[in-house]
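# A structural walkthrough
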Amino acid sequence: MTTQNLDIKAFLDQDQKKDLLRLLTCGSVDDGKSTLIGRLMFDSKMIYEDQLSALERDSKRIGHAGDEIDYALLLDGLKAEREQGITIDVAYRYFSTAKRKFIIADTPGHEQYTRNMVTGASTANLAIVLIDARYGVITQTKRHTFIVSLLGIKHVVVAINKMDLMDFSQEVYEKIKADYESFVAQLDIPDVTFIPMSALKGDNVVEKSERMPWYKGTSVLDFLENIRIVSDRNFTDMRYPVQFVLRPDIDFRGFSAAVASGIISKGDEILVLPSYKKSVVKSIVTYDKELDQAFPPQSVTVTLADEIDISRGDMLVHPDNLPRVERHFEAMLVWMDEKPMNLSTQFYIKHTSNTTKARIDLVKYKTDVNSLEKMPVEFMQLNEIGRVVITTSKPLFFDPYKKNRQTGSFILIDPITHNTSAVGMIIDKLDSKNLASRITDVDKEKIAAGQSLIQTEDYQNKYNQKGETIWITGLHGSGKNELAFSLEKKLFDNGAVVVLIDGSSVRSGLSRELDFTPADRDENQRRVAHICKILNDQGIIAIASFISRNDSLRNQLAEIIGPNRFHLFYMDATLDYCKNNKPELYDLIEQGKTQYLPGIDLEYEVPQNAKLVFKPEENSQNIEKVLDYLAANKVFPHH
Amino acid sequence: MEYSLSNLRELEAEAIHIIREVAAEFENPVMLYSIGKDSSVMVRLAEKAFYPGKVPFPLMHIDSKWKFREMVEFRDNYAKEKGWNLIVHYNEEGYKNGIGPFTHGSKVHTDVMKTQALLAGLNKYKFDAAFGGARRDEEKSRAKERIFSFRDKFHQWDPKNQRPELWNIYNARVQKGESIRVFPISNWTELDIWQYIRLENIPIVPLYYAKERPVVEVDGNLIMVDDERMPAEMSAKAKMRKVRFRTLGCYPLTGAIESNAETIEEIVEEMMTVTVSERTTRVIDFDQEGSMEQKKREGYF
């Protein structure tokens, strides 16, 4: 670039106005990816002379490109990588043209580096997918495109490279284009552009090639310089995740944040999450001047008209446009850690400026990155991508990732190693009725472990009973508790060692943080099942009285306790009987003041495998039936 | 209204977000201040991040005792004017023992007076996060550096074991004794820095501007005679030449370039015509291939 005839001040004035495009390059060294990047940088005159002379020296010693300059050497930073001849991390490259500044995230293309590519893609506005014209659309192309679409990149340039080796044939180009188009149709990428080129020879990289007159489009660089990306940001849904509370003196109280999306204006009415308190934006402060409006990705400080308690992790939004405020959601997760997923880990979840604890409830499936097939798995490992259900301890304020990259993304941090174990993109909140049970196979394994020094027989002889669980299921108000309490008394009087566990005692202490959503109901019973197991292990009879709404849950409770020790009894009462017997909750739900009551707005499945079925009206006979049953099964008395 | 930011304003917003994130997540952060132009930009960004409040963490300068005199003077005046909480730390024992580049060579000097002094300074004040002004475009091994770069108890950096960094969500969790180096201007290029200094009118050390200065040619590098500690047989060869510095460090280890650039505009103009990347004027880089990576593993930036 010569500046001799250029007024340097004018140049700088113009230069400081140019914008920034972040892009990702997908492909491997064999596809000519490094050559393309090297040439973009070289041909746009930003490779400094001394770097070039160092390069010539390096090329002769360890280069892979014969006598020609190996552009890849310019790029591969770390020593170990240079020796292996592959890039194994994410490297960021910078170059500018008269129109734009570019940041290239350069990541390796092999499957074992999926996580690196995901990392590079997370900040990119555009992706260049390289295809070797000799091989066309291959597995790798599909994998890369899938990741690009997963991370929500809206613009893809399909660079069909090495056209020089295919005689610059239009037929080859059209075939690859058609193949790619038919594949990409199933993914969510709104803007795809095809450019035939030769990175090595420079065709259609910076200058339009004369050797492909049939191609009417632009060169790669020309395209990158002119594509409009501003409109990709979400300017609709105002989300202001408070990052820092600024309180330099008693007169000033500001809330600093990077605007995540939407536009916040002076005078706007805002609502604070999670307190739902309202106020008005008094000023938008920056070092340079006060602003009337702030938009993403600006970092500003907002003051409010009212004194409300706001801390880091809270979010300001417009009252008529709320994000989801939820503890349960589904997400696409990418596993980044060498250590495989463990479903019993309590992770830290970092989402915008908010950090809380999270648990992965369930892996619905993993997606094979090569075939895009969905496969059932129990847990995920390094580089795997899957759909999961997550529950957090505090609600998150989020939007689906597709609508909002800023408020739809999160990371999971291992509580012990503090590694970033996984990263996720939120699909949406989960309809609570479909929440998965939190009783997992991992629990089953845990149950198998742990053994007492006292033998089961020792307990049985001492107490003259078998430590087993009587689990009574039935609708709310069906008379389960009446049976449970009378049974406890009767067994106690007859000399048995027995413990009764009922909902209210557990809810008041052990499970007091849980609510009555289906997931939390299930979690509550999972805990009860574990108590029953402990009691039974020590020879004690447990009586548990819970609605336990379906077979899937009941079977999992049986798994925890041990199927042979689990005796399921069903209290078969009509809904009318229940409503008469205990009307309070039924009234509330009819008035719309509560929800999630099995038999009303949640399905109650009549158990198929109950050992005994009772009618509530027959309570005294019911006790006799149970005692007979226990004796017949040698539960009590044992001898 | 077009809701778009220029490259510089976008980089500025990103840096402010990073700086605030560290202030919010760490108990005891520090900003390493080298007096150089990148540091000056970083400090301005910190001032912006907390305006109208003060920067809520101290600045620390690791003084190798061989910095240009003009740098030290600039540092002291500017810190006083701005009311910074500035810590100046140096290796007392190394200083007493007279460690210096002329007598002990660049390797020993850098290790004792820079790397060790830095680690001792970080340990002394138990900082759990340290901002640095490094940029990814400076050197090949830095292209892969994270913005939040994890360091173990011994301040070591393991290039094979870096935390993934996605979107603008930074993992700030460390165990006691571990720390994070944070590079808020990672994505800035040298041109961005100059543009920003110009746009924001940020004061910089006058050594960046061309002036007649006494220099000696050593292995192709122009070394300025800054004080009497330069061996007499060396300083005897000094000649006045119009030079300036593209980077600033210890004077015996920092080569000048011949230049007529007396304003930022002229510096940028020169930068775009005389295309030599900036780190070549730092003598320490010539030691061995991948030497910057080596230093980073040992704890130096």
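Above: the structure in question.
Residues numbered from 1 in each chain as written. Chains lettered and ligands numbered in written order. Predicted model: local features only at pLDDT ≥ 70, side-chain atom pairs only at ≥ 80, totals over all residues. Heavy atoms only, no water.

### A few points about the packing of aromatic side chains
Going by this rule: Two rings from Phe, Tyr or Trp (for Trp, the six-membered ring) form a pair when their centres are within 6.5 Å of each other. A pair whose planes differ by under 30 degrees is stacked, one over 60 is edge-to-face, and the rest are tilted. By the criteria applied, helices consist of DSSP H or I runs no shorter than four residues and strands consist of E runs no shorter than two, each listed in order from the N terminus. Exposure classes here rest on a 1.4 Å probe applied to the protein chains alone. A residue is buried below 20% of its type maximum, exposed above 50%, and partly exposed in between. A ring is considered to have a charge above it if a Lys NZ or an Arg CZ atom is located within 6 Å of its centre and within 35 degrees of its normal.
A complete count under the given rule lists 35 aromatic pairs over all chains for this structure. For the ring pair Tyr-173 of chain A and Trp-214 of chain A, a centre distance of 5.1 Å and an interplane angle of 45 degrees mean the geometry is tilted. One end of the pair, Tyr-173 of chain A, is in helix α8 (residues 170-184); the other, Trp-214 of chain A, is in the loop between β6 (191-196) and α9 (220-226), with 41 residues separating them in the sequence. Side by side, Tyr-173 of chain A and Trp-214 of chain A carry an identical accessibility label, which is buried. Between Trp-66 of chain B and Phe-102 of chain B, the ring centres sit 5.7 Å apart and the planes meet at 75 degrees, which makes this aromatic pair edge-to-face. Taken together, the residues Trp-66 of chain B in the loop between β2 (59-62) and α3 (69-82) and Phe-102 of chain B in helix α5 (residues 101-125) connect sequence positions 36 residues apart. Look at Trp-66 of chain B and you get buried, because its relative accessible area is 7%. Among the residues examined, Phe-102 of chain B registers a relative accessible area of 22% and is labelled partly exposed. Three or more aromatic residues joined by ring pairs form one cluster here, namely Trp-66, Phe-68, Phe-102, Phe-245 and Tyr-251 of chain B. The positively charged end of Lys-65 of chain B is found above the aromatic ring belonging to Tyr-90 of chain B, 4.0 Å away from the centroid.

### Digging into the side chain of Ser-64 of chain B
Put simply, the test is: Contacts are assigned to residue pairs with any non-hydrogen atoms lying within 4.5 Å of each other.
Considering the arrangement of structural elements, one finds Ser-64 of chain B in the loop between β2 and α3. Among all residues touching Ser-64 of chain B, those that are not within four sequence positions of it are His-109, Met-113, Lys-114 and Cys-250 of chain B.

### Some remarks on the sheet that holds strand β27 (residues 612-614) of chain A
Residues and elements named next belong to chain A. Which entries qualify depends on this criterion: Strand pairing is assigned whenever DSSP identifies at least 2 bridges connecting the two strands. Whenever a helix is involved, its axis is fitted only over the stretch in contact; in every case the axis is a line through C-alpha atoms, and angles between N-to-C directions fall within 0 to 180 degrees.
If you walk across this open sheet you meet the five strands as β24-β25-β23-β26-β27, and the pairing is parallel. A strand with exactly one partner marks an edge of an open sheet, and here the two such strands are β24 (498-502) and β27. Ignoring strand direction, the axes of neighbouring strands in this sheet form an average angle of 20 degrees. Summarising the sheet, strand β23 (residues 469-473) and strand β25 (residues 541-545) pair through four bridges and their orientation is parallel. When the sheet's bridge partners are listed, Ile-472 is paired in β25 with Ser-545.

### A short note on the packing of helix α1 (residues 7-25) of chain B against helix α2 (residues 37-50) of chain B
Residues and elements named next belong to chain B. The following threshold applies: Put simply, angles under 35 degrees are roughly parallel, angles over 145 are roughly antiparallel, angles from 65 to 115 are roughly perpendicular, and the rest are oblique. Amino acids are sorted into nonpolar (Ala, Val, Leu, Ile, Met, Phe, Trp, Tyr, Cys and Pro), charged (Asp, Glu, Lys and Arg) and polar (every other residue, Gly among them).
The N-to-C vectors of α1 and α2 enclose an angle of 70 degrees; their axes lie 9 Å apart at closest approach. Taken together, the axes of α1 and α2 are roughly perpendicular relative to one another. Residues Arg-9, Glu-12, Ala-15, Ile-16, Ile-19, Arg-20 and Ala-23 of α1 pack against Met-42, Leu-45, Ala-46, Lys-48, Ala-49 and Phe-50 of α2. A per-class count over the contact of α1 with α2 returns nine nonpolar, no polar and four charged.

### Quick notes on α1 of chain B
Defined as follows: A helix is expected to span 1.5 Å multiplied by its residue count minus one.
Taking 1.5 Å as the rise per residue, α1 of chain B with 19 residues should run 27 Å; its terminal C-alpha atoms sit 27 Å apart, in good agreement. Across the 19 residues that make up α1 of chain B, a large majority, 16, are buried.

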